[in-house]
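Inside the fold
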Amino acid sequence: MVKNQTRKEETRRNILDAASRSFREKGFAGVGVDGIAKAANATSGAFYAHFGSKDGAFRAALDLGLDEVIDGIPRFQRDFGDGWTDAFIEYYLGRAHRDDLACGCAMTSLSPEMGRADDETRALYDRKMQTIAGLIAGGLPQFPKDQRLEKAWAFLGVLIGGLTVARALSDDAAIDAVSGAIRATAKGILIP
């Protein structure tokens with residue numbers, strides 16, 4: 001029984017990882033259940049047994065992806081101290097993060113999907129993004145408490161929008177120009 005449970009959990013984890021990579025790289029409409037199952041070395045029946053629907057798998061992938069950010073922000077704050085926002089900006093706009101759609105940030109990859117998502121998925125997104133903004137606000141002691149959340153949302157909006165535009169461009173010079181402008185604007189938001 002324990003072996004079967006372990007196998008079941010491993011299959012679920014493999015499908016979730018495949019769904020997360022696929023949705024980030026190709027978007028919701030760009031991948032189907034069969035493609036996700038194949039990428040996970042699982043059957044479509046196993047997919048449905050674990051997630052019920054493509055929407056269910058998307059919601060689980062969104063949850064996983066935003067939790068990565070929720071876990072990551074405190075690490076940046078701990079590891080880089082007062083310079084955490086500069087380190088976060090450099091990471092977020094860096095070439096490795098920008099070019100790796102499948103493993104890149106769920107905020108940038110999946111936010112555009114929210115306008116078409118169902119109410120349950122949007123509610124999940126709202127809760128997670130408010131948590132992320134709150135974590136960022138908590139790391140902005142240079143501002144009065146009543147301004148921190150506003151600054152956090154501005155910071156997030158600039159980074160997410162900037163990375164979205166940089167990923168959409170194909171010309172390296174334009175990508176570098178956008179990344180530089182977004183980097184400077186994000187840093188400027190954080191100057192009291």
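The preceding data block contains the structure.
Just so it is clear, the model here is predicted, and its values are computed rather than measured.

With that settled, consider helix α9 (residues 145-168). Between the first and last C-alpha of α9 there are 36 Å, a value that for 24 residues agrees with the 34 Å anticipated at 1.5 Å per step. For α9, the full list of buried residues reads Arg148, Ala152, Phe155, Leu156, Val158, Leu159, Ile160, Gly162, Leu163, Ala166 and Arg167. In this structure, the buried side of α9 is in contact with α5 (84-93), α6 (95-99), α7 (106-110), α8 (119-138) and α10 (172-189).

On to the layout of surface pockets, then. Estimated volume of the largest pocket: approximately 230 Å³. Residue lining of the largest pocket: 19 residues in total, with Glu68, Val69, Gly72, Phe76 and Tyr91 positioned closest to the centre. Contributions of two or more residues to the lining of the largest pocket are made by α4 (54-80), α5 and α7. Looking at which element gives the most residues to the lining of the largest pocket, the answer is α4, with nine residues. Considered class by class, the residues forming the lining of the largest pocket number 11 nonpolar, four polar and four charged. In this structure, the second largest pocket occupies an estimated 160 Å³ of space. If you trace the second largest pocket, you find it lined by Phe23, Arg24, Glu25, Lys26, Gly27, Leu101, Thr108, Ser109, Pro112, Glu113, Thr164 and Arg167. Contributions of two or more residues to the lining of the second largest pocket are made by α1 (2-26), α7 and α9. The greatest single-element share of the lining of the second largest pocket, amounting to four residues, is contributed by α1. For the lining of the second largest pocket, the per-class residue count stands at three nonpolar, four polar and five charged.

Let's shift gears to the side chain of Lys54. Tracing the backbone through its elements, the reader meets Lys54 in helix α4. Buried and unpaired, Lys54 has Asp55 as its nearest opposite-charge partner, separated by 7.3 Å. There is a polar contact of 2.7 Å between the side chain of Lys54 and the backbone oxygen of Phe28.

Attention shifts here to the packing of aromatic side chains. If you walk through the whole model with that rule in mind, you get 11 aromatic pairs. Judged by centre distance (5.7 Å) and plane angle (25°), the ring pair of Phe76 and Phe80 falls under stacked. Separated by four residues within a single helix, Phe76 and Phe80 lie in helix α4, roughly one turn from each other. The exposure class of Phe76 is buried, given its relative accessible area of 16%. Note on Phe88 and Phe155: the rings are 6.2 Å apart at their centroids and 35° apart in plane angle, and the pair reads as tilted.

Considering the arrangement of structural elements, one finds Arg122 in helix α8. Considered as a pair, Arg122 and Ser111 are 11 residues apart in the sequence and their alpha carbons are 9.8 Å apart. Setting aside anything within four residues of it in sequence, one finds Arg122 in contact with Met114, Gly115 and Ala117.

Attention now goes to helix α3 (residues 44-51). For α3, the complete set of buried residues consists of Ala46, Phe47, His50 and Phe51. All buried residues of α3 lie within an arc of 105° about the axis, which places them on one face of the element. Remark: Gly52 follows α3 within two positions and exhibits a positive phi of approximately 80°.

Reading guide: rules and limits
Residues numbered from 1 in each chain as written. Predicted model: local features only at pLDDT ≥ 70, side-chain atom pairs only at ≥ 80, totals over all residues. Heavy atoms only, no water. Helix = DSSP H or I, 4+ residues; strand = E, 2+ residues; numbered from the N terminus. Expected span 1.5 Å × (residues − 1). Buried < 20%, exposed > 50% of the residue type's maximum accessible area, 1.4 Å probe, protein only. Contact = heavy atoms within 4.5 Å. 1 Å grid on protein atoms, 1.4 Å probe; cavity = no way out; pocket = protein on both sides within 12 Å on 5 of 7 lines; lining within 4 Å. Points joined across faces, edges and corners; volume = space filled by probe spheres on them. Nonpolar A, V, L, I, M, F, W, Y, C, P; charged D, E, K, R; others polar. Lys, Arg positive; Asp, Glu negative; His and termini not counted. Salt bridge = Lys/Arg side-chain N within 4 Å of Asp/Glu carboxyl O. Polar contact = N/O pair within 3.5 Å; in protein donor to acceptor, adjacent residues only side chain to side chain. Phe/Tyr/Trp six-rings, centres within 6.5 Å; stacked < 30°, edge-to-face > 60°. Arc of directions from axis to C-beta.

So, to be careful, I would describe these as geometric facts and stop short of saying anything about function.
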